[in-house]
Amino acid sequence: SLLQAFRRHRLSAYLFLLPALVVLAMFGFWPVLYGSYLSFTDYSLVRETHWVGLANYRYIFGNDMFLTGLKNSILFLLIVPCIQICAITLAVLVNHRLPGMRVFRVAYYVPVVTTVSVVGIMWGFMFHDQGALNYVLLKLHAINAPVAWLSDDSIALFAIMFVSLWRGLGWYMVMYLAALQSIPSEMQEAAILDGANAWQRFWKITVPMLMPTIMVCSIMSVLAALKAYQEVDVLTQGGPMNSTFTALYYAYDQGL
């Protein structure tokens, strides 16, 4: 019967999904559940584990260093709208068939495939008091004296945020570019015939069609911002005066 055929089809689908679900359960769900349980215990590899309830949470939220890291991780979320707006703008620009556009696309994607150590060394030289960034700004008379980008506790975190934005921009640009190229050209042509200008076509056609991609990229960007660690470790190691400590870097520092 039709019902039996439907059940067999559904069973086949679950059988195909079973290997992936087993791997996901072993390396995804189980670690999260077991780690959540351990957070309520005094866990030790060499002695008996004891249940301590909320004691660990009371300790961590009473720790000034953790609160600083948590505040900086939340502050890191400021790059989420910036990186999405810049990535969409770049994707719209590189979506045009102009000479040299492929080279432009590759140039913006190179930071994505460059290792963090290389990026850190490069930007470390750029941010140095006598580095290229201060040199250019001094020549343009934008500043009167060299700026201590990584040794000033009031701006060091924002310098690292800029590096994270620069490094991730190409990845999101490629995702938005793929989404732009999937928009049917007939919709743009119909809007042109109706007298819509470029700005109206962007807001009435392009942005609504990009919304699923915007949601996915925004979620990925939020998770990446909350897990900020590599740039901090390479450029400042949490300094100066712990101003660039993030929550994840605090966890790493406690584990040393």
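All figures in this text were calculated on a predicted structure; none of them were measured in a lab.

Trainee: Would you take a moment to explain the overall build of the protein chain for this structure?
Mentor: The secondary structure content of the protein chain amounts to twelve helices and two strands. Walking the protein chain from its N terminus toward its C terminus, one meets helices and strands in the order α-β-β-α-α-α-α-α-α-α-α-α-α-α. Its C-alpha atoms give the protein chain a radius of gyration of 24 Å, more than 25% over the compact-globule value 18 Å for 256 residues. In terms of principal-axis extent, the alpha carbons of the protein chain reach across some 80 × 75 × 30 Å. Burial statistics for the protein chain: of 256 residues in total, 31% are counted as buried. Taking all contacts inside the protein chain whose residues are at least 6 apart in sequence as the whole, residues at least 24 apart take part in 62%. Carbon and sulfur atoms form 69% of the exposed surface of the protein chain, whose accessible area is close to 16800 Å². Averaging the locations of the 14 positively and 12 negatively charged side chains of the protein chain gives two centres separated by 15 Å.

Trainee: Where do I start with the packing of helix H4 (residues 79–94) against helix H10 (residues 198–226) in this structure?
Mentor: For any two helices packed against each other, one specifies the inter-axial angle together with the distance between the axes. In the contact formed by H4 and H10, the axes pass within 10 Å of each other and the chain directions differ by 135 degrees. What the angle tells us is that H4 and H10 run oblique. Handedness of the H4/H10 crossing: right-handed. Touching Ile79, Val80, Ile83, Gln84, Ile88 and Val92 of H4 are Phe202, Leu210, Ile214, Cys217, Ser218, Ser221, Val222 and Ala225, all from H10. The class makeup of the residues in the contact of H4 with H10 is eleven nonpolar, three polar and no charged.

Trainee: Just checking my understanding: could you explain the nonpolar core for this structure?
Mentor: One broad trend across soluble globular proteins is that nonpolar side chains are buried collectively. Counting residues in hydrophobic clusters, the biggest one holds 26 residues, and the most contacted among them are Phe76, Trp123, Phe127, Val163 and Leu235. Sorting the residues of this core by element identifies H4, helix H6 (116–127), helix H8 (156–181), helix H11 (230–235) and helix H12 (247–255) as the ones contributing at least two each. The residues touching Trp123, leaving out its near neighbours within four places in the chain, are Phe162, Val163, Trp166 and Leu235. By size, the runner-up hydrophobic cluster in this structure holds 21 residues, among which are Met101, Leu180, Ala191 and Ile205.

Trainee: Sorry if this is basic, but what is going on with the packing of aromatic side chains here?
Mentor: Geometry of an aromatic ring pair is reported as the spacing of the ring centres plus the angle between the planes. Inspection of the entire model under this criterion finds 18 aromatic pairs. Between Phe40 and Trp51, the aromatic rings sit 5.7 Å apart at their centres with planes inclined by 15 degrees, giving stacked as the arrangement. One end of the pair, Phe40, is in the loop between helix H1 (2–38) and strand E1 (41–42); the other, Trp51, is in strand E2 (residues 50–51), with eleven residues separating them in the sequence. Geometrically, the ring pair formed by Phe40 and Tyr57 is tilted, given 5.4 Å between the ring centres and 45 degrees between the ring planes. Pair noted here: Phe40 is in the loop between H1 and E1 and Tyr57 is in helix H2 (residues 55–60), with a separation of 17 residues, a long-range link. The exposure class of Tyr57 is partly exposed, given its relative accessible area of 33%. Joined through ring pairs, the aromatic side chains of Trp30, Tyr34, Tyr37, Phe40, Trp51 and Tyr57 make up one cluster.

Trainee: So what exactly am I meant to see when it comes to the environment of Gln230 here?
Mentor: Position of Gln230 relative to the elements: it lies in helix H11. The partly exposed category is assigned to Gln230, whose relative accessible area is 40%. Along the chain, Gln230 and Tyr249 lie 19 residues apart, while their C-alpha atoms are 8.5 Å from each other.

Conventions and cut-offs
Residues numbered from 1 in each chain as written. Predicted model: local features only at pLDDT ≥ 70, side-chain atom pairs only at ≥ 80, totals over all residues. Heavy atoms only, no water. Helix = DSSP H or I, 4+ residues; strand = E, 2+ residues; numbered from the N terminus. Rg over C-alpha atoms; globule rule 2.2 N^0.38 Å. Buried < 20%, exposed > 50% of the residue type's maximum accessible area, 1.4 Å probe, protein only. Contact = heavy atoms within 4.5 Å. Areas by Shrake-Rupley, 256 points an atom, 1.4 Å probe, with all protein chains shown as cover. Lys, Arg positive; Asp, Glu negative; His and termini not counted. Charge placed at Lys NZ, Arg CZ, Asp CG, Glu CD. Axes fitted to C-alpha atoms, helices over the stretch in contact; angles between N-to-C directions. Parallel < 35°, antiparallel > 145°, perpendicular 65-115°, else oblique. Left-handed = near helix turned anticlockwise from the far one by under 90°. Nonpolar A, V, L, I, M, F, W, Y, C, P; charged D, E, K, R; others polar. Core = buried A, V, L, I, M, F, W, Y, C linked by side-chain atoms within 4.5 Å. Phe/Tyr/Trp six-rings, centres within 6.5 Å; stacked < 30°, edge-to-face > 60°.

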